[in-house]
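# Overview (structure and organization)
Residues per chain are reported as follows:
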Amino acid sequence: MSKSTVLTLVGSLRADSHNQKLAEAIQLNAPEQIDVVIHESLGNIPFYNEDIDVEGQVPAAAAALRAAANAADTLLLVTPEHNGTVPASLKNAIDWLSRPHGAGALTGKPTAVVGTAFGQFGGVWAQDEARKAVGIAGARVLADVKLAVPGSMIRFAELHPKDDAEVVEQIKGVFEALSAVETADAAA
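Residues numbered from 1 in each chain as written. Predicted model: local features only at pLDDT ≥ 70, side-chain atom pairs only at ≥ 80, totals over all residues. Heavy atoms only, no water.

### Observations concerning the packing of helix α2 (residues 60-71) against helix α3 (residues 88-97)
- Interaxial distance between α2 and α3 falls to 10 Å at its minimum, and their mutual angle equals 70°. Between α2 and α3, the crossing angle belongs to the class labelled roughly perpendicular. The residues of α3 that touch α2, namely those facing Ala 62, Leu 65, Arg 66 and Ala 69, are Ala 93, Trp 96 and Leu 97.
- Here the residues of the contact of α2 with α3 are counted per class, giving six nonpolar, no polar and one charged. (Axes fitted to C-alpha atoms, helices over the stretch in contact; angles between N-to-C directions. Helix = DSSP H or I, 4+ residues; strand = E, 2+ residues; numbered from the N terminus. Parallel < 35°, antiparallel > 145°, perpendicular 65-115°, else oblique. Contact = heavy atoms within 4.5 Å. Nonpolar A, V, L, I, M, F, W, Y, C, P; charged D, E, K, R; others polar.)

Structure below.
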C-alpha cells in the first residue's frame, strides 16, 4: 500500500504559533501510511492578483504551493481565528489554489480544516469560514473532520500540543476520519 500525502497549510505566520505546533503534533502522530507535509510559510506568497497569475510568470512561492497541492492526496488547513475569520495568509493561499477557475489545485481535492485559538470555542468561526472558502473554490470539503482546541494561549503556554494527551487523542480521530474518506474513495 502506498503512502497517502496530506499537505498541511498553517494559517498563522507567527514564529511561536500554536497552530504551527498543532500541525507538528499532527505530523508526529500520523499513521505509518500517511505522510503529513507541512508547507513552508504562506507569508512568502504575494497577494493573489490576476495580473501576476500569468502562465510562465506565476511567482515562485505561489507556483510551489500549487505544485505541492496538486501532488497531495488531501489538504489539511490549520487555522487560528483572526477577528472571527481566517487569517489573510490562508485566504490568500486558497485564492491561489482556486485558479485557474474550475481547474485549480483545489478542484475536487479532499480538504479538512482544524485549528486552535485563544477563545473558548477554539476558532470554529475561522474553521467554518475556511470550509466555506475552499468549498466555493472547488474543494471537496470533509465536514466531518473536525478539531478545535480552545484556550490556546493558556493551554499551550508551557505545553506543546504533541504532549497534550487530549489533543493527541483528537488528532487520532482526525486520522480515523481521513482514513474513512480514503477507504470510501478507494471503494468508489
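Next comes the rest of the write-up.
### Observations concerning the environment of Val 58
- With respect to the element layout, Val 58 can be found in the loop between β2 (34-38) and α2.
- The class for Val 58 is partly exposed, based on a relative accessible area of 21%.
- Sequence separation of Val 58 and Ala 117 is 59 residues, and the distance between their C-alpha atoms is 33 Å.
- With near-sequence residues (within four places) excluded, Val 58 lies in contact with Ile 52, Asp 53, Ala 63, Arg 66 and Trp 96. (Buried < 20%, exposed > 50% of the residue type's maximum accessible area, 1.4 Å probe, protein only.)

### Some words on the pairing of strand β3 (residues 74-78)
- Within β3, five of the five residues are buried, which leaves the element mostly enclosed by the surrounding structure.
- Neither face of β3 is open: one carries Thr 74, Leu 76 and Val 78, the other Leu 75 and Leu 77, and all of them are buried.
- Sheet topology places strand β1 (residues 4-10) next to β3; five bridges connect them, and they run parallel. Across the sheet, the residue bridging to Leu 7 is Leu 75, located in β3.
- Relative to strand β4 (residues 110-116), β3 is paired through four bridges, and the arrangement is parallel. (Pairing = 2+ DSSP bridges.)

### A short note on the pattern of salt bridges
- This structure, assessed with the given rule, holds nine salt bridges.
- Among the ionic pairs, Asp 16 bridges to Lys 21, the shortest N-O distance being 2.8 Å.
- With a relative accessible area of 42%, Asp 16 lands in the partly exposed category.
- With a relative accessible area of 19%, Lys 21 lands in the buried category.
- Close ionic contact of Lys 91 with Asp 95 constitutes a salt bridge, the shortest N to O distance being 2.5 Å. Here Lys 91 and its partner Asp 95 are both found in helix α3, four residues apart, which amounts to about one turn of the helix.
- Taken together, the shared-partner salt bridges connect Arg 155, Asp 164 and Glu 166 into one network. (Salt bridge = Lys/Arg side-chain N within 4 Å of Asp/Glu carboxyl O.)

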